[in-house]
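# Commentary on secondary and tertiary structure
These are the residues of each chain, in order.
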Amino acid sequence: NIVRNAIESIASADAVNRRVVLTALPADNGMVEVRVTDSGPGIPVDDLDRVFTPFHTTKSDGVVIGLALSRSIVEAYGGRAWASTTPDGAIIHLTMPAA
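Let me begin by describing the structure that accompanies this report. (Residues numbered from 1 in each chain as written. Predicted model: local features only at pLDDT ≥ 70, side-chain atom pairs only at ≥ 80, totals over all residues. Heavy atoms only, no water.)

### Examining the sheet that holds strand β1 (residues 20-26)
Quick reminder of the rule: When DSSP finds two or more bridges between two strands, those strands count as paired. Numbering of helices and strands starts at the N terminus; helices are DSSP runs of H or I of at least 4 residues and strands are runs of E of at least 2. Every axis corresponds to a line fitted to the C-alpha atoms, with the helix fit spanning only the stretch in contact, and the corresponding angles, defined between N-to-C directions, vary from 0 to 180 degrees.
Strand order in the open sheet made by the four strands is β1-β2-β4-β3, with antiparallel pairing throughout. The open sheet terminates on both sides in strands that have one partner only, identified here as β1 and β3 (80-86). On average, each strand axis in the sheet is inclined to that of its neighbour by 20 degrees, with strand direction left out of account. Pairing analysis gives seven bridges linking β1 to strand β2 (residues 31-38), with the strands arranged antiparallel. The partner of V21 across the bridge, within β2, is T37.

### Some points on the pattern of salt bridges
The line we're drawing: One side-chain nitrogen of Lys or Arg within 4 Å of one carboxyl oxygen of Asp or Glu is enough to make a salt bridge. Think of it in three bands: residues with accessible area under 20% of the maximum for their type are buried, residues over 50% are exposed, and the middle band is partly exposed, with areas taken using a 1.4 Å probe on protein chains only.
Counted according to the given criterion, the structure contains four salt bridges. Between R35 and E33 there is a salt bridge, and its shortest N-O distance comes to 2.8 Å. The class of E33 is buried, set by a relative accessible area of 10%. Notably, a salt bridge pairs D47 with R50, separated by 2.5 Å at the nearest N-O pair. Under the relative-accessibility criterion, R50 is labelled partly exposed at 41%. Each of the salt bridges in this network shares a partner with another, and the network as a whole consists of D49, R71 and E75.

### A few points about the pairing of β3
Looking along a regular strand, one sees side chains alternate from face to face of the sheet. Pairing between β3 and strand β4 (residues 89-97): seven bridges, direction antiparallel. Residue pairing across strands places S84 opposite I91, the latter belonging to β4.

### Re the nonpolar core
Spelled out, the test is: Here, nonpolar core means buried Ala, Val, Leu, Ile, Met, Phe, Trp, Tyr and Cys residues that are tied together by side-chain atoms lying within 4.5 Å of each other. Residue contacts are counted whenever heavy atoms from the two residues lie within 4.5 Å of one another.
Counting residues in each nonpolar core, the largest one holds 14 residues, and the members touching the most others are I2, I43, V51, F52, A83, I92 and L94. Every element with two or more residues in this core is listed here: α1 (2-11), α2 (66-76), β3 and β4. No other element matches the three residues that β4 contributes to this core. Excluding residues within four positions of it along the chain, I2 makes contact with V36, L67, S70, I92 and L94.

### Concerning the packing of aromatic side chains
Defined as follows: Geometry of aromatic contacts follows a simple scheme: Phe, Tyr and Trp rings, the Trp one being its six-membered ring, pair when their centres are within 6.5 Å, and the pair is stacked under 30 degrees between planes, edge-to-face over 60, tilted otherwise. Should the NZ of a Lys or the CZ of an Arg lie within 6 Å of a ring centre and within 35 degrees of the ring normal, that charge is described as sitting over the ring.
Tallying each qualifying case throughout the model produces zero aromatic pairs. The ring of F52 has R71 sitting right over it, with the charged end atom 4.2 Å from the ring centre. Lying over the aromatic face of W82, R80 brings its terminal NZ or CZ to 4.0 Å of the ring centre.

In structure tokens, the structure reads:
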């Protein structure tokens, strides 16, 4: 769902260089951080936490619960999910136990 959101975001972007990057790296306390980074329009700062609220969307069409469900699953396993934005797009961060 998160990767699909990123793909939909870059499809609607005016950018010439459209990309989705998946990164996994070690995090604190035996966790792994997975990042889904896209080169779309980014997420407005006021929406960074609200994108995980059920039925909230930054898209012009559709109302979804995918990010809320993703966050619930990650938190059920002791992880954390959050969003950040950069001048070049958006990043969804997920931490999960490494084992």
